[in-house]
Amino acid sequence: MHSSFSVLFVCLGNICRSPMAEAAFINEIQKRQLHIKVDSAGLGSWHVNNPPDRRTIKEAAQHKIDITHYRGRQIQSEDFVDFTHIIGMDHKNIYHLKKIAPPECLHKISLLMDYSLTHKGQEIADPYHGDQLDFEVTWKQVELGIIGLADYFEKQL
Ligand code: 4NP
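Residues numbered from 1 in each chain as written. Predicted model: local features only at pLDDT ≥ 70, side-chain atom pairs only at ≥ 80, totals over all residues. Heavy atoms only, no water.

(A) Molecular detail of helix H2 (residues 54-62). What H2 keeps buried is the set Arg55, Thr56, Glu59 and Ala60. All buried residues of H2 project into a common sector of 135° when viewed along the axis, lining one side. Buried residues belonging to H2 abut helix H1 (17-32) and helix H5 (132-156). The first or second residue beyond H2 is lysine 64, which carries a positive phi of 65°. (Buried < 20%, exposed > 50% of the residue type's maximum accessible area, 1.4 Å probe, protein only. Helix = DSSP H or I, 4+ residues; strand = E, 2+ residues; numbered from the N terminus. Arc of directions from axis to C-beta. Contact = heavy atoms within 4.5 Å.)

(B) A look at the pairing of strand S2 (residues 37-42). As paired strands, strand S1 (residues 6-11) and S2 are joined by six bridges and run parallel to one another. If you follow leucine 8 over to S2, its bridge partner there is aspartate 39. Note that the unit made of S1, H1 and S2 has a crossover that is right-handed. (Pairing = 2+ DSSP bridges. Right-handed = clockwise from strand over helix to strand, strands pointing away.)

(C) Geometry of the sheet that holds S1. Reading across from one edge, S2-S1-S3-S4 is the order of the four strands in this open sheet, with parallel pairing throughout. One side of each edge strand has no neighbouring strand; the edge strands of this open sheet are S2 and strand S4 (109-111). The average undirected angle you get between the axes of adjacent strands in this sheet is 25°. Sheet topology places strand S3 (residues 85-88) next to S4; three bridges connect them, and they run parallel. Within S4, the residue paired with isoleucine 87 across the bridge is serine 110. Here H5 sits on the sheet and contacts S1 and S3; the angle it forms with S1, its principal contact strand, is near 160°. (Axes fitted to C-alpha atoms, helices over the stretch in contact; angles between N-to-C directions.)

Quick look at the structure:
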């Protein structure tokens, strides 16, 4: 059965960081047998209907996760109602999310790294202009946040 929690990961383009967070989190909650609805979206519309960046796909494949079927989408106002947790990757994401969120949904917005034990307040840097190694670093950062997030939900379920 699904829990009452649902998570939307948000970055700028929805082809690098938020698909990674979605993939890593689904993988983690499957291991822990937690049932939480998960999705990702971008603040921008450039990559709507596009698959993730090939470097994101490659990095996920390194962790035996196939994300070739993911498609980019832009966040929409209903998302703030439909999801219990809207999680951004950097401070700019949070700033923009707070600008477009209905006032009664502002409390749902948080920064991924704030769930980590050791890296609270830190950003998941955008790897888009980097190389494959940057995507590897991004995955490691995302994992830190994801583990903390899964711990946070596990305590409440
Ligand atoms: P993401 O990275 O926000 O982690 O998906 C980006 C991907 C594409 C663009 C910006 C950021 N872009 O400007 O196209």
